[in-house]
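Here is what each chain is made of, one letter per residue.
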Amino acid sequence: MSFIDDDRPQKKVAHEIGADLSMLSVDELKARVELLKMEIARLEAEAARKASGRQAAESFFRS
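Rules used throughout
Residues numbered from 1 in each chain as written. Predicted model: local features only at pLDDT ≥ 70, side-chain atom pairs only at ≥ 80, totals over all residues. Heavy atoms only, no water. Helix = DSSP H or I, 4+ residues; strand = E, 2+ residues; numbered from the N terminus. Buried < 20%, exposed > 50% of the residue type's maximum accessible area, 1.4 Å probe, protein only. Areas by Shrake-Rupley, 256 points an atom, 1.4 Å probe, with all protein chains shown as cover. Lys, Arg positive; Asp, Glu negative; His and termini not counted. Salt bridge = Lys/Arg side-chain N within 4 Å of Asp/Glu carboxyl O. Contact = heavy atoms within 4.5 Å.

Identification of the protein as DUF1192 domain-containing protein from Rhizobium sophorae is taken from an unreviewed UniProt entry.

Shown next, in the form of structure tokens:
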């Protein structure tokens, strides 16, 4: 039995900010763009949720 897990498959990183893009195909680049668009939408939704919660709290304590 090996103590080093070299045989285990490595988790593939979908995208790393600043990564070299020169070796990616057009399809791979488009897939990453879609992935990043979905992540932006998720981040914006969370920011909006937190902003509305903060706004509700501020209005409650101002009353």
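So much for the structure itself; the text now carries on.
(A) Quick look at the overall build of the protein. Helix and strand counts for the protein stand at one helix and zero strands. In the protein, buried positions account for 2% of the 63 residues. Taken as a whole, the protein presents about 6,300 Å² of accessible surface, with 60% of it coming from carbon and sulfur.

(B) Structural view of the side chain of Arg 32. Turning to its location among the elements, Arg 32 is positioned in helix α1 (residues 26–62). Buried Arg 32, no salt bridge; nearest opposite-charge side chain is Glu 28, N-O distance 6.6 Å. Not counting chain neighbours up to four residues away, the residues in contact with Arg 32 comprise Ala 14, His 15, Leu 21 and Leu 24.

(C) Structural view of the pattern of salt bridges. Counted under the stated rule, the structure contains three salt bridges. Residue Glu 34 is joined to Lys 37 by a salt bridge in which the shortest nitrogen-to-oxygen separation is 3.8 Å. Pair noted here: Glu 34 and Lys 37 are both in helix α1, with a separation of three residues, about one helical turn. A relative accessible area of 43% places Glu 34 in the partly exposed class. In this structure, Glu 46 engages Arg 49 in a salt bridge whose closest nitrogen and oxygen atoms are separated by 2.6 Å. Within this pair, Glu 46 and its partner Arg 49 are both found in helix α1, separated by three residues, close to a single helical turn.

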